[in-house]
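# Inside the fold
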Amino acid sequence: MDFDLTPEQLELKAMCRDFARDVIAPRAEEWNRAHRFPTDVFRQMGELGLCGPLVPEELGGSAIGMTGYVAAMEELGQGDQSLAAGWNAHCTIGTLPLLHHGSEEQKRRWVEPLARGEALGAFALTEPAGGSDVKGMETRIRYDGTEVVIDGRKTFISNAGTDISWGVVTLGRDPDGRYVSVAVPKDTPGYSQGDPYLKVGWHALDTREQIFDGVRVPADHIVGDPEMGLRAFLASLDAGRISIAALAVSLAKAALAESLAYARDRHAFGQPIAAFQGIQFKLARMASMIESARLLTYQAAFLYDAGRPYSKEAAIAKFLASETSTYCANEAVQIHGGYGYILDSKVARLYLDSKILEIGEGTNEIQQVVIARSLGLR
Ligand SMILES: Cc1cc2nc3c(=O)[nH]c(=O)nc-3n(C[C@H](O)[C@H](O)[C@H](O)COP(=O)(O)OP(=O)(O)OC[C@H]3O[C@@H](n4cnc5c(N)ncnc54)[C@H](O)[C@@H]3O)c2cc1C
């Protein structure tokens, strides 16, 4: 078994570490307070070749593979979780459905600008009546001559409301009960969005309701073959679970780094609190959980890149890495004492940003459903 990253992946990781430290981290507090997604920095990431990591070079991507992407996320996510969350949705659910199922024309029109970081990718699946029960979706698609008509609402949708958002790919059911995926450019009449949600964390991520009220687009905006079924379509989204696992690892690593530095600096009873075994055990447990979540995440990425089945491993990585991130964020606040509860502290932001990782991209209960199925349970 080879646990080493290639020289190219190490170089990419070092570049992302510098970018996170020099460009992202110094402004993270500002974006989070303003509840504004930093599209200028996202564009810079595009110039560095980071916005199409899973896209072939001929479509404007960098094709660094899932392992390279995870290595990049491990560093970028430590700079700011909101920016990394938007980048995560862009690279996976915001791009892959078009890349895997789109026509050549759709790839040229939408995937290329996404891969170059000139547009921000969004995918609208979740509905107000439920996200986990995907088959219960109520959005309706009908055909009218050369056009497709969409009626419905999607909720909690990220990346669709910024100045560089191009629109969304959404899913609904047609009169034959088939699940149909459609690209809806912004400015299409009947397509509108709600105000950004005020969230517990991920404050700089743009997340809104999407409203489709008799939206008409040409039939060539259908993405993929409606006959291929929901499972085939959603299979391409499993990649998002590896991405969320990597985001969680980056959060936990940031929580550990902040805690180590604080524990060495903060004194109580005449010594640094890091000298207390009670604090050392917390740090040791955090480090152990991070190492195991990290290995699970890289394992899932390795399988993805090798073209081997990875659904179970992605679910396990997402499940345990997100629990690791909430655990580590909670302990980081504890180690910081009262300062950890003040919103100006980085660990307070990590604490608020951590919970969603157990909910988004399939809740942790749904990950356990996937894992249980892999054990032959129905
Ligand atoms: C900040 C944010 C950003 C998001 N971005 C996007 C986006 O870009 N695109 C998008 O499509 N969606 C997005 N989502 C939606 C997210 O994916 C859903 O919230 C998530 O999948 C859960 O769906 P739900 O909220 O409807 O919860 P529900 O499905 O209603 O679940 C409620 C509870 O019931 C549990 N539950 C449901 N079914 C089962 C079961 N079979 N067994 C055991 N427990 C079960 C769940 O685990 C959960 O605890 C985002 C959400 C948030 C908060």
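Every value quoted in this text rests on a predicted model; they were computed, and no experiment measured them. (Residues numbered from 1 in each chain as written. Predicted model: local features only at pLDDT ≥ 70, side-chain atom pairs only at ≥ 80, totals over all residues.)

### Digging into the overall build of the chain
Regarding its fold elements, the chain presents twelve helices and ten strands. In terms of principal-axis extent, the alpha carbons of the chain reach across some 80 × 45 × 40 Å. Intrachain contacts of the chain at a sequence separation of at least 6 include 74% that bridge at least 24 residues. (Helix = DSSP H or I, 4+ residues; strand = E, 2+ residues; numbered from the N terminus. Contact = placed C-beta atoms within 7 Å.)

### Regarding the packing of helix α4 (residues 81–91) against helix α8 (residues 239–265)
Packing of α4 against α8 leaves a shortest axis separation of 10 Å and a crossing angle of 165°. Between α4 and α8, the angle falls in the class roughly antiparallel. Seen along the crossing, α4 lies across α8 with a hand that is right-handed. Where α4 approaches α8, its residues Q81, A84, A85, N88 and C91 are matched on the opposing element by S243, I244, L247, S250 and L251. Taken together, the residues of the contact of α4 with α8 sort by class into six nonpolar, four polar and no charged. (Axes fitted to C-alpha atoms, helices over the stretch in contact; angles between N-to-C directions. Parallel < 35°, antiparallel > 145°, perpendicular 65-115°, else oblique. Left-handed = near helix turned anticlockwise from the far one by under 90°. Nonpolar A, V, L, I, M, F, W, Y, C, P; charged D, E, K, R; others polar.)

### Here's the deal with the site of the ligand
Neighbouring the ligand are 22 residues; L125, G131, S132, T363 and E365 lie closest to it. Of all the secondary structure elements, the ones that give two or more residues to the shell around the ligand are β1 (123–124), β3 (147–158) and α12 (364–374). Of the residues belonging to the shell around the ligand, the class tally is eleven nonpolar, nine polar and two charged. Inspection of the shell around the ligand shows a minimum of three residues originating in each of domain 2 (123–228) and domain 3 (231–374). (Near = placed C-beta within 6 Å. Domains from an automatic or database assignment.)

### Here's the deal with the pairing of strand β7 (residues 207–218)
Bridge analysis of β3 against β7 gives ten bridges, and the strand direction is antiparallel. Bridged to D151 within β7 is D213. Relative to β7, strand β6 (residues 191–193) runs antiparallel, the two being bridged by three bridges. Along β7, the bridge assignment pairs Y191 with F212. (Pairing = 2+ DSSP bridges.)

### Describing the pairing of β3
Across five bridges, the pairing between strand β2 (residues 140–144) and β3 is antiparallel. Pairing of R140 across the sheet is with D151, part of β3.

### Thoughts on helix α1 (residues 7–34)
For α1, with 28 residues, the first-to-last C-alpha span of 38 Å sits near the 40 Å given by 1.5 Å per residue. The sharpest bend along α1 comes to roughly 45°, located at A28. Where α1 is concerned, the buried positions are L12, C16, F19, A20, I24, A28 and N32. Next to the buried residues of α1 lie α2 (39–47), α3 (65–79), α4 and α11 (346–354). Positive backbone phi, approximately 55°, marks H35, located one or two places after α1. (Expected span 1.5 Å × (residues − 1). Bend = angle between axes of the 7 residues up to and from the residue. Buried ≥ 20, exposed ≤ 12 C-beta atoms within 10 Å, placed from the backbone.)

### What to know about the environment of F42
In this structure, F42 sits in helix α2. Take F42: there are 22 C-beta atoms within 10 Å of it, and that puts it in the buried class. Beyond its immediate stretch of four places on either side in the chain, F42 contacts G86, W87, G117 and L120.

### Re the domain arrangement of the chain
Here the chain is described as being made up of domain 1 (7–116), domain 2 (123–228) and domain 3 (231–374). The straight-line distance from the C-alpha centre of domain 2 to that of domain 3 is 30 Å. Split by residue class, the side of domain 2 that touches domain 3 holds five nonpolar, four polar and no charged.

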